[in-house]
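# Overview (structure and organization)
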Amino acid sequence: MGTPSFAVPVLDALYECREVEVAAVYTPPDRKRGRGQTLEACPVKARGEELGIPVVQPGTFRNAEAVSELESYRPDAIVVAAYGRLLPADVLAIPRYGCLNLHPSLLPKHRGPAPVAGAILAGDAVTGVSVMLLDEGMDTGPIVAQRERRVEDSNDAATLTETLFADGAALLIETLPGWAEGSVSAEAQDDERATYTSKLERADGMADWGLSAEILARRQRAYTPWPGLYTTWEGSELKLLEVAAVSGVNAEPGRVSSTSDYEIAVGTGDGLLAVRRLQLAGRRPSSGGDFLRGYPEFPGSMLV
């Protein structure tokens, strides 16, 4: 059961594993996208069809027919990778080896809908992926296996998510045989150590220039690809596509300046935020130097 592109490697790993037969692929119903509002299949559905696996798209599991259809596949296990929906108790009870979920954090840290962004926002040096046994709670089930991954300064939420699900696919294949044989056991989470993330909102990406440059740089990475980090200049939205924190130098929060190393830098509550790439609404992305050549009045202006 999965939906986005970063869950496709999980399906591929299961399909290629000699000890596994993928009986069916479950994805949400197709959604209307684009200006023409045409129905578009999610990446996991598209890959399932390429592999010749039956694809099922129930609108809900809150009816007996959908549950009965799932039971007809007689699954030993259900693997969930970014499916995007909570499974009710009667679904969780179907497979004899349970429903195994890939969660891109070292649970119980960063439970909830935005674990990768949560790790970057928190400044974690290390995160990871957990294989957990689903229960009716939000990421509260016992942990079957975990693998750590260092958070690199170059990681944003998009690249780190892809890496973590690739790690998770490999960990899952290593874990499944022992889990089925009973040589791998699950360990309950320590709820007292749990931290939680919230669903990302568009407003989260608005730059608050009273924060430190370090926090703003983390936000830019955590909110890539969405909602991004953005501000307003002369009434137009300005996306900050690539930034870096510069410590030891200060300027008025929101005031555009420069440094010896960066053509564009913006004052914050602590330090400067260097801007390497940016995009004004209705324009193409550009480097700092190219932007200044097009808008020589930008230095000294105030961003809000």
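Heads up: these notes are all about the structure in this document. Each chain carries its own residue numbering, running from 1 in the direction its sequence is written. The predicted origin of the model limits local features to residues at a pLDDT of at least 70 and limits the giving and counting of side-chain atom pairs to 80 or more, whereas totals for whole chains, interfaces and linings rest on all residues. Hydrogens and water are ignored here; the side-chain numbers use all heavy atoms of the structure.

### Some thoughts on the environment of Glu 136
Stated formally: Only DSSP runs of H or I covering at least 4 residues are called helices, and only runs of E covering at least 2 are called strands; the numbering of each starts at the N terminus.
Of note, Glu 136 is situated in the loop between strand S7 (126-133) and strand S8 (143-150). In sequence terms Glu 136 and Pro 28 are 108 residues apart; their C-alpha atoms lie 19 Å from each other.

### A word on the pairing of strand S9 (residues 230-233)
Consecutive side chains along a regular strand alternate between the two faces of the sheet. Rules: Between any two strands, pairing holds if DSSP finds at least two bridges.
Pairing of S9 with strand S10 (residues 236-246) involves four bridges; the strand directions are antiparallel. From the neighbouring strand, Thr 232 faces S10, where its bridge partner is Glu 237. The antiparallel hairpin formed by S9 and S10 contains two residues in its connecting segment, where Glu 234 sits at a positive phi of about 50 degrees.

### A word on the nonpolar core
Selection rule: Within this scheme, the nonpolar core is defined by two criteria: the residues are buried Ala, Val, Leu, Ile, Met, Phe, Trp, Tyr or Cys, and they are joined through side-chain atoms within 4.5 Å. A 1.4 Å probe rolled over the protein chains alone gives each residue an accessible area, and that area as a share of the maximum for its type sets the label: buried under 20%, exposed over 50%, partly exposed in between. In this analysis, two residues are considered to be in contact whenever any of their non-hydrogen atoms come within 4.5 Å of each other.
Counting residues in hydrophobic clusters, the biggest one holds 26 residues, and the most contacted among them are Val 10, Val 44, Leu 100, Leu 102, Val 131 and Leu 172. When contributions to this core are tallied by element, the ones reaching two or more residues are helix H1 (8-16), strand S6 (99-103), S7, S8 and helix H6 (157-181). Per-element tally for this core: the top contributor is H6, with six residues. Among residues more than four places away in sequence, those in contact with Leu 102 are Val 10, Val 80, Ala 81, Val 129, Ser 130, Val 131, Phe 165, Gly 168 and Ala 169. Counting residues in hydrophobic clusters, the runner-up holds 21 residues, among them Leu 216, Val 243, Val 275 and Phe 298.

### Observations regarding the pattern of salt bridges
The test is simple: Each reported salt bridge corresponds to a side-chain nitrogen of Lys or Arg within 4 Å of a carboxyl oxygen of Asp or Glu.
Summed over all chains, the structure comprises 13 salt bridges. The shortest N-O distance in the salt bridge between Glu 214 and Arg 218 comes to 3.5 Å. One end of the pair is Glu 214 and the other is Arg 218, both in helix H7 (residues 213-222) and four residues apart, which spans about a single turn. On the basis of relative accessible area, Glu 214 is assigned to the partly exposed category, the value being 40%. Salt bridges sharing common partners tie together Asp 12, Arg 47 and Glu 50.

These results come straight from atomic positions and should not be treated as a statement about function.
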